[in-house]
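Per-entry structural report
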Amino acid sequence: MTLAAPLPAEPAPPSARPDEARPAEIRAKAAVEDLSFWYGPKQVLFSISMPVAEGCVTALIGPSGCGKSTFLRCFNRMHDLYPGNRYAGRILLEPEGIDIIGPKTDPMVPRMRIGMVFQKPNPFPKSIYENVAAGLRIRGVRSRTVLDAQVEKSLRRAALWEEVKDRLHASAHTLSGGQQQRLCIARALAPEPELLLLDEPTSALDPIATAHIEELIDELSRRYTIVVVTHNMQQAARISRFTAFFHLGRLIEFGPTEEVFTRPRETMTQDYITGRFG
Amino acid sequence: MAGSLPPADGVLASGIRPSPEFLARRRLKDRIMRGLLFAAASLSVLVTLAIVYVLASESLAFFRHVGLVAFLTDTQWTPLFAEPHYGILPLLAGTVTISAIALSVAIPAGTVLALYLSEYADSRLREVVKPLLEMLAGVPTVVFGYFALLFVTPLLRRLFPDLPGFNMLSPGLVMGVMILPYIVSLSEDAMRAVPDALREGAYALGYTRLQTAVRVVLPAALSGVTAAYLLGMARAVGETMVVAIAAGQNPNFTFNPLEGAATITTYIVQVSLGDVAYGTIAYQSIFAAALTLFLLTLAFNVLGFFLRRRFREVY
Amino acid sequence: MSETGLPTTDGRRLIAAARRRDLLFAGIGLAVLFVATAVLLALVLDLVLTGAPHIDLDFLTSYPSRRASRAGILPAWVGSALVMLVTAALAIPFGIAAGLYLEEYAPRNRVTDVIEINITNLAGVPSIIYGLLALGVFVYGFRLGETILVAGMVLALLVLPVIVVATREALRSIPREVREAAFALGADKWQTVSMYLLPAARPGILTGIIVALARAIGETAPLVTIGALTFIAFLPPPPITAQPPFVSFEWLGSPFTVLPIQMFNWISRPQAAFHELAAAAGVVLLVMTLAMNGLAIYIRYRARRLLG
């Protein structure tokens, strides 16, 4: 599926290997179509439609309670864990076009392909190694060599390897908050997710750890398609290629980050990014 | 096993996907475990059904020989005599008397202690007292029985020189101490669940700690505390060893704590210790006695359960 | 109080009186605490002072005897150990499984409600009634006889609710983030439970198991009804044999006695010499149960400190 209007055909980012150049056109990794969502009787998302661009960072911004986290958690059906929740509409995961929230779709299928990092670092009460290996073990990987290699690679990508390589078997709870969050990123990266969901990944961290994670997101965007929820507009401007602005459960504006921040089409967006509310 | 390996760096991640065989096996395992766990949970229902079935079927056989009216009104219980009487009243009297003594110790002491722990004591004292109470709750009942017969009864005889070696007072008092930990921990849980906002409101009105504890916390926690009393009652009524050891095993239609008397539970012990053949009326009679006991405790437990649930709903 | 609302002399007196009552209540609370502690102490001291002098190697390795000076608790503690083996083998898997089901799997419906109410009620059924269940169903219904197997089964049923409740509480205290992280990684229910929840719940479950077994080992009444013999001058067949296959389950079908029954038997005799033996058996029993409860309290305390 090729994206229509809102995505300008930008030149492909520099590829690691020139002979494998990225497609010139940005394609959609996922397409949200007319998505609504209810917590029990209460509707919290109202017919949202937007694409998620492959190989790019998409930021979801908006005042707290606007539904951006709820929206993000639809992508891997996290809401299924609690009774009484209901989806309507479609979220198509490309290239096959599987409807993630379709009633016939096993939530395990999208979860196997989509990684998630939560607001608060939530490592398992296990060793650093086992945390990173978790997703692989869940997928039935047993081979020690594959596990070792993938754990190292993921920790390197999460910029944590140097700090923990000598204590891989120490408890994850011995790490600092920022390290724990990078560990959670490594854990999400290990199964090579096609889509990476970040739910306010820096909100529980100090400024230095936040800067670390932001750099990391930038680095990761070469390889992963990322959707990140943030309450911090500067952060969205710094790290994302596309931005979606939410308010009271509705998608107010979606577009390339630069345009949303410099030439917003909606006055509400304008008000929000200039700090008049939120 | 993993399906595909990760692509070389610089290419978009395409996911390590498990093989279909692995997923199929995983799904099967999940289903089997769910079934097994459900079966284990349902076992408890089977146990209850088995209890009800055994008690009911043997009691039914018993009531074919002994009329229900005689069972409920006869004041003698002498199943092993040549001319047997099967009146549950003497056993009930013993059960009620001993339980009443136990509760008159455990309820006031337990309530005071729970209020003290939840409203007065600081956390350090609580850290010491709670394990102590758990230890007390962990003492085997047969040890409490020994204590009642060979320590408390001789002690009481100094107060009441005519006290027989088997009496209801001593096991009653000891049983009171025995059920104290249950009443304390359940009522303290209820009191601690009372929201602090209520306490703050009371203090803001100028209430003292005692006034807050008695006029605000206790009423607010009432259904939880009542549930604790009920569960304590169920325990007292069903307690066996302390009574069997220290109250004697002689059915005696009296409410006088200074006399010895059998309870429902001691009667069951007494018959079990003797050689009672399967299928005789004596054998069936212990099931009829047990059914009475079961219904009594069930009533207390069910009432306690719903009170506790209501309490949880309020807060 | 005066009309201005400031305390007058009367008001001050009122406050002072209230404060006195406050202190008085604190005093009563402490007194109750003191008495309860004193009772526990008196019980332990009385038992230890009477019983401890009788505890020696002979006491632990002798059979009961009609002569008090020769009697020991060998069959009793061996019986207790074997019965506990059966109880643990049954109660631990069933208890954990039932707890897992109710906390992690059970849908909110009628069936779940029935199971929950039922387990709460089972926890309140007097232990002697379990004894009659065993007598009617296991001993006579299934014709299993008055054996170690039946004793282990009845005690397992009796303490099952303890393990169920402990398992549920341990699972409930695991933050929901752990579950979300596992599901987000693609885990299914059983993977989440077996790989992440059970290991995290281990200290709580272990505490419950120990408390349950401590209760089982001291339980007397339900074993009286299934005729645990009080005079046994032999040991059950050993579980480990010299010939292949080296394990034998013959002991499961053996008659038996256990420590609390042996103690009960000695208390019931008129001679003071046997009462002293009862105290000695009581000391052994008390040491075991208190040590187990202490261990459980310690594990819980440590786990709580580790969690912060």
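Residues numbered from 1 in each chain as written. Chains lettered and ligands numbered in written order. Predicted model: local features only at pLDDT ≥ 70, side-chain atom pairs only at ≥ 80, totals over all residues. Heavy atoms only, no water.

**Observations concerning unusual backbone geometry**
All names here are of chain A. Rule in force here: Put simply, DSSP H or I for four residues or longer makes a helix, DSSP E for two residues or longer makes a strand, and each gets a number counted from the N terminus. A simple rule labels every residue: compare its accessible area, found with a 1.4 Å probe on the protein chains alone, to the largest value its type can have, and call it buried under 20%, exposed over 50%, or partly exposed in between.
Along the chain, Glu-94 connects to Pro-95 via a cis peptide bond; the corresponding omega equals 5°. At Glu-200, a residue that is not glycine, the phi angle is positive and equals roughly 40°. Mapping Glu-200 onto the fold places it in the loop between strand 7 (195-199) and helix 7 (207-220). Judged by relative accessible area, Glu-200 falls into the buried class, the value being 11%.

**Details of helix 8 (residues 189-218) of chain C**
As a reminder of what qualifies: To estimate how far a helix should extend, the number of its residues minus one is multiplied by 1.5 Å. Here the bend at a residue is taken as the angle between two axes, fitted respectively to the seven residues that end there and the seven that start there.
The end-to-end C-alpha distance of helix 8 of chain C is 38 Å, clearly below the 44 Å that 30 residues give at a rise of 1.5 Å each. For helix 8 of chain C, the principal kink sits at Arg-202 of chain C and spans about 55°; a proline, Pro-203 of chain C, occurs within the next four residues.

**Section: the interface of chain C and chain A**
By convention, interface size is frequently given as the accessible area that disappears when the constituent parts associate. What counts here: Contacts: residue pairs with any heavy atoms within 4.5 Å of one another. Throughout, buried area stands for the accessible area (probe radius 1.4 Å) lost by two parts on being put together, summed over both. Criterion for a salt bridge: a side-chain nitrogen of Lys or Arg within 4 Å of a carboxyl oxygen of Asp or Glu. N or O atoms closer than or at 3.5 Å make up a polar contact, with two conditions inside protein: a donor-capable atom paired with an acceptor-capable one, and, for residues adjacent in sequence, both atoms drawn from side chains. Three categories are distinguished: nonpolar for Ala, Val, Leu, Ile, Met, Phe, Trp, Tyr, Cys and Pro, charged for Asp, Glu, Lys and Arg, and polar for the others, with Gly belonging to the last.
Every contact between the two is made by 17 residues of chain C and, on the other side, 24 residues of chain A. Per-residue buried area on chain C facing chain A is highest for Glu-180, Leu-185 and Tyr-196 of chain C; these three make up 36% of the total on that side. Where chain C meets chain A, there are 1 salt bridge. Arg-73 of chain A is paired through a salt bridge with Glu-180 of chain C; the nearest N and O atoms lie 2.7 Å apart. Run the count over chain C and chain A and you get 7 residue pairs in polar contact (both at pLDDT 80 or more). Listed by contribution, the elements that provide at least two residues to the side of chain C that touches chain A are helix 7 (176-184) and helix 8 of chain C. Looking at which element gives the most residues to the side of chain C that touches chain A, the answer is helix 7 of chain C, with 8 residues. Partitioned by chemical class, the residues of the side of chain C that touches chain A number 11 nonpolar, 2 polar and 4 charged.

**Concerning the domain arrangement of chain C**
Residue and element names in this part refer to chain C. Going by this rule: All the domain ranges listed were derived from an automatic or database domain assignment.
Annotation of chain C at the domain level lists domain 1 (9-52) and domain 2 (55-307). Domain 1 and domain 2 are separated by 35 Å when their C-alpha centres are compared. At the junction of the two partners, domain 1 supplies 7 residues and domain 2 supplies 7 residues. Interface of domain 1 and domain 2: buried area, both sides summed, is about 580 Å²; carbon and sulfur atoms make up 80% of it.

**Some thoughts on the pairing of strand 2 (residues 42-53) of chain A**
Residue and element names in this part refer to chain A. Operational definition: Only strands that DSSP links by at least two bridges are regarded as paired with each other.
As defined by bridge partners, strand 1 (residues 28-39) adjoins strand 2 across 8 bridges and the pair is classed as antiparallel. Following the sheet pairing, Ala-31 is matched in strand 2 by Pro-51. Counting the residues that bridge the hairpin from strand 1 to strand 2 gives 2 residues, and of these Gly-40 lies at a positive phi of roughly 60°.

**Quick word on the environment of Val-164 of chain C**
Residue and element names in this part refer to chain C. Its place among the elements puts Val-164 in helix 6 (residues 148-172). Measuring from C-alpha to C-alpha, the distance between Val-164 and Ala-91 comes to 9.3 Å, with 73 residues separating the pair along the chain. With residues near it in sequence (within four places) discarded, Val-164 still touches Gly-95, Ala-98, Gly-99, Leu-102 and Ile-119.

**Looking at the packing of aromatic side chains**
Threshold: Under the pairing criterion, centres of Phe, Tyr and Trp rings, with the six-membered ring standing for Trp, must be within 6.5 Å; the plane angle then separates stacked pairs below 30 degrees from edge-to-face pairs above 60, leaving the rest tilted. Consider the ring centre and the ring normal. A charge sits over the ring if Lys NZ or Arg CZ is within 6 Å of that centre and within 35 degrees of that normal.
The final tally for this structure, using the stated rule, is 27 aromatic pairs over all chains. Arranged with centres 3.8 Å apart and planes meeting at 15°, the rings of Phe-124 of chain A and Tyr-196 of chain C form a pair that is stacked. With one member in each of two chains, Phe-124 of chain A in the loop between strand 6 (114-117) and helix 3 (128-138) and Tyr-196 of chain C in helix 8 form a pair that bridges those chains. Taking the relative accessible area as the measure of exposure, Tyr-196 of chain C reaches 3% and is therefore buried. Aromatic rings pair up to connect Phe-62, Phe-63, Phe-71, Trp-77, Tyr-86 and Tyr-267 of chain B into one cluster. The ring of Trp-38 of chain A carries the charged tip of Arg-86 of chain A above its face, separated from the ring centre by 4.1 Å.

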